[in-house]
Amino acid sequence: MTATPHHCQLATPIIAWRTEIRELLRLAWPLLVGQLAMVAIAVVDVAMAGHASATDLAGVSLGAAVWNLLMITVMGVIMSVHPAVAHLSGANNFGDIPGTVRQALWMSLGVGGVAAVLANAFVPLFAVIIPDPAMQTIAAGFVHITSAALPLLAMYRVLVGYSTSINQTYPLMVVALLGLLFHFIASGLLVFGVGGWPGLGGLGCAWATLCTVALELAMLWYWMRRSPLYRDTCGLDRWEAPRWADIHPLLRLGLPIGVTYFAEASAFSLIALLIAGLGSIEVAAHQIALNFSWLIFTVPLSLGLALLTRVGQSLGANDPDRAAYQSALGLILALGLATLGALLVASLRMPIARLYTDDAAVVLLAADLLLLAAYFQWPDALQVVASCAIRGYKVTRPAMVIHLAAFWGVAIPLGYLLGLVGVSTVAGLEQPLGARGFWMALIFGLTTAALGLLALLRHVSRQASGYKVCPCV
């Protein structure tokens, strides 16, 4: 391909920036509602178990840690469906989408089955790390029950990725909200009982999770079978044997994403374990800042998933210039949203902390950590949006390496030094900074990831376009 001069030149007409941003937001806001519903389900479990007993809360929290880690990893592997279908949609190759969906469902059964086996294999470790036999029983039971939901979750995520990639995000929002409502009712009934039937305590949360995942899968499957919007592409109207030749490319694309998700989630889990030795105030403050940061993170994550769809469709339509243009606009929008998020967290950090606790010491430390969390809104938003755009190009392995280096090569070692050791050569620091040190390290790690992913996105977009693209708006 012959390169064009290095100035702002677009080979094909580009739609107005206002129109593109409107399309991104149209796709993103239902995804955001769905993400918030998923977070709310976890909050419901904690609240229900906490009202049952302290033992139930501890057991559910430990079991949920295993469930969440494997759930996030499965979601990452299954994300390969998203760019695959987006490319086919952009190319108007709708006839191949049903087969891709069917093969992806076979893949999801395998991925979910492996995750279920790994979850149950972890259970014997509870006997080593949990001294209380009652907590052991609840944590082990939670994992045993929810592991059955992992294959169902994987199938559901296939349908989510497929629906998003053909611009149908509204059904996902409706199903997620109905699932949240069902989970709230089911958790209450199963945890505390009804009438003369005794409740199951913390294990009721596990059964509610399994039933919610099954219901969401059934609702979305039924919607796709009945709605004319999916009639030509869903592929759920017939059976098809698995074909390794079709499944292998999806796995090859998705496994690096799964490793990326696992690396990030496990890094945050390890940080929580390292902070646990610093005392209850540090632990509580860290959990408050982390929980609220996750709520804010759903905004750039939803934008990134919408951008993945738009970029994948443009590349499927053989229009890499538009894909590069869309990526630039997505990053600009991410910066704007991150600025709003940072201002929100920084200006309201004390009231936010008081929403979680009345303990004055915890509130003060949580407010300090939330101020640090405000700073990492920018690199966090850029890294997630850039990584989603890169996946739109069907590039996943280099991004995986960047994430591994950023979290396990920068954030974890630096957090250990700043938070637990104290290094006199680092800005004169002699005493460890505790939780503050870990959050400073997270800022460095996320900044490393953002810079690396921005450079990778620039490289893959220029490689696809064959010339330098600048974000003229």
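Visitor: Please explain the packing of helix α13 (residues 349-356) against helix α14 (residues 360-375) as it appears in this structure.
Guide: Axes are the key here: two packed helices are described by the angle between their axes and the distance separating the axes. Between α13 and α14, the shortest axis-to-axis distance is 8 Å and the interhelical angle comes to 130°. Taken together, α13 and α14 sit at an angle that is classed as oblique. Relative to α14, the crossing made by α13 is right-handed. Residues Arg349, Met350, Ile352, Ala353 and Arg354 of α13 lie in contact with α14, whose contacting residues are Val363, Leu364, Ala366, Ala367, Leu370 and Leu371.

Visitor: I would appreciate a short explanation of unusual backbone geometry in the present structure.
Guide: Glycine aside, residues mostly have negative phi, and peptide bonds are mostly found in the trans state. Look at Asn92: it is not a glycine, yet its phi comes out positive at around 60°. Relative to the assigned elements, Asn92 resides in the loop between α3 (81-90) and α4 (97-122). Not every positive phi belongs to a glycine, and Lys394 is a case in point at roughly 60°. Considering the arrangement of structural elements, one finds Lys394 in the loop between α15 (377-392) and α16 (397-421).

Visitor: I keep staring at α15 and nothing clicks. Help me out?
Guide: In an α-helix there are 3.6 residues to a turn, and that puts residues three or four apart on one side. With 16 residues, α15 ought to run about 22 Å at 1.5 Å a step, and its terminal C-alpha atoms sit 23 Å apart, in line with that. Judged by how many residues are buried, α15 sits mostly within the fold: 15 of 16 residues are covered. Where α15 terminates, the next one or two residues include Lys394, which has phi positive at roughly 60°.

Visitor: I'm lost on the pattern of salt bridges in this one. Help?
Guide: Working definition: two side chains of opposite charge can pair if their charged atoms are close together. This model, assessed by the stated rule, comprises eight salt bridges. Residues Glu240 and Arg243 are paired through a salt bridge, measuring 3.3 Å at the closest nitrogen-oxygen approach. For Arg243, a relative accessible area of 37% translates into the label partly exposed. Each of the salt bridges in this network shares a partner with another, and the network as a whole consists of Arg102, Arg238, Glu240, Arg243 and Asp246.

Visitor: What is the right way to read the confidence of the model for the protein chain from this model?
Guide: Any segment with low pLDDT has predicted coordinates that should not be analysed in fine detail. Averaged over all residues, the pLDDT of the protein chain equals 88, while 93% of them reach at least 70. Here residues 1-13 is modelled with pLDDT under 50, and outside its nearest four sequence neighbours on either side it reaches 22 contacts, counting other chains as well. Note that pLDDT drops below 50 for residues 468-473; the model gives that stretch 13 contacts with residues more than four away or on any other chain.

Cut-off values and rules
Residues numbered from 1 in each chain as written. Predicted model: local features only at pLDDT ≥ 70, side-chain atom pairs only at ≥ 80, totals over all residues. Heavy atoms only, no water. Axes fitted to C-alpha atoms, helices over the stretch in contact; angles between N-to-C directions. Helix = DSSP H or I, 4+ residues; strand = E, 2+ residues; numbered from the N terminus. Parallel < 35°, antiparallel > 145°, perpendicular 65-115°, else oblique. Left-handed = near helix turned anticlockwise from the far one by under 90°. Contact = heavy atoms within 4.5 Å. Expected span 1.5 Å × (residues − 1). Buried < 20%, exposed > 50% of the residue type's maximum accessible area, 1.4 Å probe, protein only. Salt bridge = Lys/Arg side-chain N within 4 Å of Asp/Glu carboxyl O. pLDDT = per-residue confidence, 0-100.

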